[in-house]
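# Structure assessment
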Amino acid sequence: MGMGRGAGRSALGFWPTLAFLLCSFPAATSPCKILKCNSEFWSATSGSHTPASEDAPEFCAALRTYALCTRRTARTCRGDLAYHSAVHGIEDLMSQHNCSKDGPTSQPRLRTLPPVGDSQERSDSPEICHYEKSFHKHSAAPNYTHCGLFGDPHLRTFTDHFQTCKVQGAWPLIDNNYLNVQVTNTPVLPGSPATATSKLTIIFKNFQECVDQKVYQAEMDELPAAFADGSKNGGDRHGANSLKITEKVSGQHVEIQAKYIGTTIVVRQVGRYLTFAVRMPEEVVNAVEDRDSQGLYLCLRGCPLNQQIDFQAFRANAEGPDARRPVAASPAPAAPETFPYETAVAKCKEKLPVEDLYYQACVFDLLTTGDVNFTLAAYYALEDVKMLHSNKDKLHLYERTRELPGGVAAAGQPLAPRPLLSTLVLLTLLPLLW
């Protein structure tokens, strides 16, 4: 049975839906594996946005594999919007392409890396795929900014504001025309107010003749040295080498260079948890279609007021004669086996001799978690600042930025964004209407 014109339009509409589903991140503590199903189907069918008739058997096999994957995770994905969107999308595509539910399945094929000398490894990328050459050929060098997230967690925004936040669950760090970054923070210990980053997903959007869309995902104890489709660069386009991923230390340190947008990203696993740091031109930071949506991501606007922890109150209490615990925005059970204040100070001094906010963050984390690996998280976060920050006079920060009651931001911090839930739900449902 042939595919009607209306069906063709619907089929095309599923691809942006699937692309968005790859941005839908179940909580790290959830056993729902819908993102894995989405990624495998995407890699198995990449390049087949409108499958020809001779490709239909292979495409139908990939759809059946996709459906089987969703069935296997159905019980653990109840109520997950990304899961239900995928199920409906599969049903639509199988109907449009006249695929039977019974038949052969296929294993998802990962992109094979080319031999040396292939077009993916050429250095003669188009000029448009090199940010400084293309956008600033006849002007001054671009202004670069830095954002970092580490520890329990501590956020340094693009505007050099420093905050300590709760932000449990999934939160967007960056969301602009070129890439999306989202983190998931989970409790360090059951019942503890301390959280840390357990999952990180980065989506590089396809860009002209430079790169295909690429997804990078890291989780606790899994820091891959490749994108989700198995490749290490931007795909099959002429300028694919303008996006590259490099493993610096196996299982501990990955660096992603996106030259086409002048961006460098560093992802580390320190102990059990992840850290994130990025260097990005201001022009890319502010490249958003909807200016109002800028308030939705943390690297630009910082944490909402109700997610911030009162760092000054913590220090005052921690330095008292009897206090060993921080004072957070709300009461919470104390974590067991935490360090005495004097011990925490001594351990942090070993790695961070300058008593700046990274040193203070280190002390805070040892007092809230009892995990000595957070000392290294603060140390490496500062090392990443030294490598990525364009202003060497701003490497060390000494005054934390915190919103004051009534919406007034200390040290010029912008107003906090409104709660994200309703916006994220709307964004998840919109592709289904295409």
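Along every chain, residues carry numbers that run from 1 in the direction the sequence is written. Where totals are concerned, whole chains, interfaces and linings use all residues; where local detail is concerned, this predicted model gives features only for residues with pLDDT of at least 70, and gives and counts side-chain atom pairs only at 80 or more. Water and hydrogen atoms were dropped before computing side-chain values, which therefore reflect all heavy atoms in the structure.

### Description of unusual backbone geometry
How we decide: Elements are defined by DSSP. Helices are runs of H or I of four residues or more, strands are runs of E of two residues or more, and each kind is numbered from the N terminus. Burial classification: accessible surface area is computed with a 1.4 Å probe over protein chains only, and a residue below 20% of its type maximum counts as buried, one above 50% as exposed, and the rest as partly exposed.
Positioned with a positive phi, Val167 is a non-glycine residue whose angle comes to about 35°. As for its position among the elements, Val167 is in the loop between strand 3 (162-164) and strand 4 (169-175). Assessed through its relative accessible area of 2%, Val167 is described here as buried. Backbone geometry places Gln208, a non-glycine residue, at a positive phi of 45°. Considering the arrangement of structural elements, one finds Gln208 in the loop between strand 6 (195-204) and strand 7 (214-219). Residue classification places Gln208 among the partly exposed residues on the basis of a relative accessible area of 48%.

### Topic: helix 10 (residues 357-369)
Every α-helix carries 3.6 residues per turn, so stepping three or four residues along brings you back to the same face. The line we're drawing: The length a helix should cover is 1.5 Å for every residue beyond the first. Pairing of N or O atoms within 3.5 Å defines a polar contact, subject to two protein rules: one partner must be a possible hydrogen donor and the other a possible acceptor, and residues neighboring in sequence count only if both atoms are side-chain atoms.
For helix 10, built from 13 residues, the straight-helix expectation of 18 Å at 1.5 Å per residue is met to within 8% by its first-to-last C-alpha distance of 18 Å. With a side-chain oxygen lying 3.2 Å from the backbone nitrogen of Tyr358, the N-terminal cap of helix 10 falls on Asp356. Of the residues flanking the end of helix 10, it is Gly370, one or two places downstream, whose phi is positive at about 75°.

### What to know about the packing of helix 10 against helix 11 (residues 373-388)
As a reminder of what qualifies: To define axes, lines are fitted to C-alpha atoms, for helices over the stretch in contact only, and angles between the resulting N-to-C directions are given on a 0 to 180 degree scale. In this scheme, roughly parallel covers angles under 35 degrees and roughly antiparallel covers those over 145, while 65 to 115 is roughly perpendicular and the rest are oblique. Handedness of each helix crossing follows the sense of rotation of the near helix against the far helix: counterclockwise by less than a right angle gives left-handed, clockwise gives right-handed. Any two residues having at least one pair of non-hydrogen atoms within 4.5 Å are treated as being in contact. Polar here means any residue other than Ala, Val, Leu, Ile, Met, Phe, Trp, Tyr, Cys and Pro, which are nonpolar, and Asp, Glu, Lys and Arg, which are charged; Gly is therefore polar.
In the contact formed by helix 10 and helix 11, the axes pass within 8 Å of each other and the chain directions differ by 155°. The angle between helix 10 and helix 11 falls in the class roughly antiparallel. When you trace helix 10 past helix 11, the crossing you get is right-handed. Contacts from Tyr358, Cys362, Asp365, Leu366 and Thr369 of helix 10 reach helix 11 at Phe374, Thr375, Ala378, Ala381, Leu382 and Val385. Its residues placed into classes, the contact of helix 10 with helix 11 shows 8 nonpolar, 2 polar and 1 charged.

### A look at the confidence of the model for the protein chain
Threshold: Scored between 0 and 100, pLDDT is the confidence that the predictor attaches to each residue.
Across the protein chain, the average pLDDT comes to 76, with 68% of residues at or above 70. Contacts of residues 23-29 to residues separated by more than four positions or lying in other chains number 20 contacts, the stretch itself having pLDDT below 50. With pLDDT under 50 throughout, residues 403-434 is counted as low confidence; its partners more than four residues away or in other chains account for 51 contacts.

### Remarks on the sheet that holds strand 1 (residues 144-150)
In plain terms, the rule: Only strands that DSSP links by at least two bridges are regarded as paired with each other.
With respect to topology, 7 strands assemble into an open sheet ordered 3-2-1-11-10-9-8, the strand pairing being antiparallel. The sheet is open, and its two edges are formed by strand 3 and strand 8 (243-249), each paired on a single side. Taken pair by pair, the neighbouring strands of this sheet meet at an average axis angle of 10°, ignoring direction. Relative to strand 2 (residues 154-156), strand 1 runs antiparallel, the two being bridged by 3 bridges. The residue of strand 2 that forms the bridge with Leu149 is Leu155. Of the strands in this sheet, strand 1, strand 2, strand 9 (253-258), strand 10 (263-270) and strand 11 (273-281) touch helix 11, which is tilted by about 165° from strand 10.

### Some remarks on the pattern of salt bridges
If charged atoms from side chains of opposite charge come close, those side chains can pair. Condition: By definition here, a salt bridge exists when the distance from a side-chain nitrogen of Lys or Arg to a carboxyl oxygen of Asp or Glu is within 4 Å.
Counting across every chain of the model gives 7 salt bridges. A salt bridge links Arg268 to Asp384, with the nearest nitrogen and oxygen atoms 2.8 Å apart. Here Asp384 lies in helix 11 and Arg268 lies in strand 10, a separation of 116 residues in the sequence. Residue classification places Asp384 among the buried positions, given a relative accessible area of 2%.

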